[in-house]
Amino acid sequence: MAMRQTPLTCSGHTRPVVDLAFSGITPYGYFLISACKDGKPMLRQGDTGDWIGTFLGHKGAVWGATLNKEATKAATAAADFSAKVWDAVTGDEILTLAHKHIVKSVNFTQDSNNLLTGGQDKILRIYDLGKPEAEPQEITGHTSAIKKALWCNDDKQILSAADDKTVRLWDRTSMEVVKSMPFDSSVSSMEYIPDGEVLVITYGKTIGFYNALSLDLIKTVDAPASINSASLHPDKDFLVAAGDDFKLYKFDYNTKEELESYKGHFGPVHCVRFSPDGELYASGSEDGTLRLWQTAVGKTYGLWKCVLPGKSWSTVLLINVCIPPTFL
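Chemist: What am I meant to see in the overall build of the protein here?
Modeler: Along its length, the protein carries zero helices and 31 strands. Overall, the C-alpha framework of the protein stretches about 65 × 45 × 35 Å when taken along its three principal axes. In the protein, which comprises 328 residues, the proportion classed as buried is 57%. Accessible surface, the protein as shown: approximately 13,500 Å² in total, 51% of it carbon and sulfur. Here the protein carries 33 positive and 39 negative side-chain charges, and the mean point of each set is 4 Å from the other.

Chemist: What is the right way to look at the nonpolar core in this model?
Modeler: The nonpolar side chains of soluble globular proteins are, as a tendency, buried together. One finds Leu159, Val167, Phe183, Met190, Leu199 and Ile201 to be the most contacted residues of the largest nonpolar core, which totals 17 residues. Apart from the residues within four sequence positions on either side, Phe183 is in contact with Lys165, Val167, Ile201, Tyr203 and Tyr210. Formed by 16 residues, the second largest nonpolar core is a distinct cluster that contains Val200, Val221, Ile227 and Tyr253.

Chemist: Would you take a moment to explain the pattern of salt bridges for this structure?
Modeler: For side chains of opposite charge, pairing can occur when their charged atoms come near one another. Using the criterion set out here, one finds 13 salt bridges in the structure. Of the charged contacts in the structure, one is a salt bridge between Glu260 and Lys250, with a shortest N-O distance of 3.8 Å. Taken together, the residues Glu260 in strand β25 (residues 258-263) and Lys250 in strand β24 (residues 247-252) connect sequence positions ten residues apart. A relative accessible area of 25% places Glu260 in the partly exposed class. Given a relative accessible area of 6%, Lys250 falls into the buried group. Salt bridges here are not isolated pairs; linked through shared partners, they connect Asp121, Arg125 and Glu138.

Quick notes on the rules
Residues numbered from 1 in each chain as written. Predicted model: local features only at pLDDT ≥ 70, side-chain atom pairs only at ≥ 80, totals over all residues. Heavy atoms only, no water. Helix = DSSP H or I, 4+ residues; strand = E, 2+ residues; numbered from the N terminus. Buried < 20%, exposed > 50% of the residue type's maximum accessible area, 1.4 Å probe, protein only. Areas by Shrake-Rupley, 256 points an atom, 1.4 Å probe, with all protein chains shown as cover. Lys, Arg positive; Asp, Glu negative; His and termini not counted. Charge placed at Lys NZ, Arg CZ, Asp CG, Glu CD. Core = buried A, V, L, I, M, F, W, Y, C linked by side-chain atoms within 4.5 Å. Contact = heavy atoms within 4.5 Å. Salt bridge = Lys/Arg side-chain N within 4 Å of Asp/Glu carboxyl O.

Set out below in structure tokens:
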């Protein structure tokens, strides 16, 4: 008898959740940040979904959010024409970086000293966080709004995806494009896996895997519905994808076989990511919630406990909804 997936629901947001990111594994566990159109990004304990705090200060929808590896800093990208850097331990705002248009993407270098941003004005910007008064370096070339911008290759290169239906690889030193890859439709998401230099790109119903250094195609996986986001398991055994039909799909990375599909959200799913230990994946939706899903259903982990009633295994949640008691 197959065990039923029982997702953990994380409530608290009042508008669609459009982006999420995990930290690395720290001595205190790992952490999850969510970006939402309510303008109030939230920090949670990654393995349980327990609310830790809300970053208050943006005056518009927050489109992008990220944590540094150590979970000591957070960065957010918003419709108020700004990116903000936060102390993720105290919740205090460290910096506001003014832009000329809506900001969609933020990404720290591995040492957390530089922040990469991209957005509606088609310009990639690199900020030296140790010199906040200095003007950022600017990289131009995209002809439409930038959706996602990520450091790669030990921060020596940059990957960007834009509404001009291209993904581009840039050299950080020369700030010149190394390679541009066109698509037939707009790219909906992009994930970079440093281990093995794998780039995951979603467009239409397709999930594409590429070598991040050359942009050479490794393989594609076709999904049953339009996909907004996909994530590759740290061990590269599985991938998960989600999109407009409210479902989450799990595929075998090697055979491309669809293993499972789950419906838990009540709206299109905008973002999905595996945790750094690969034990769960998180999804964010138009319905205003995040949900945490087990990679191996039935395993005791976080708030999930495997019980044996009679002869049938089942998984129960010690608690099934995490709601912030109040905003900071």
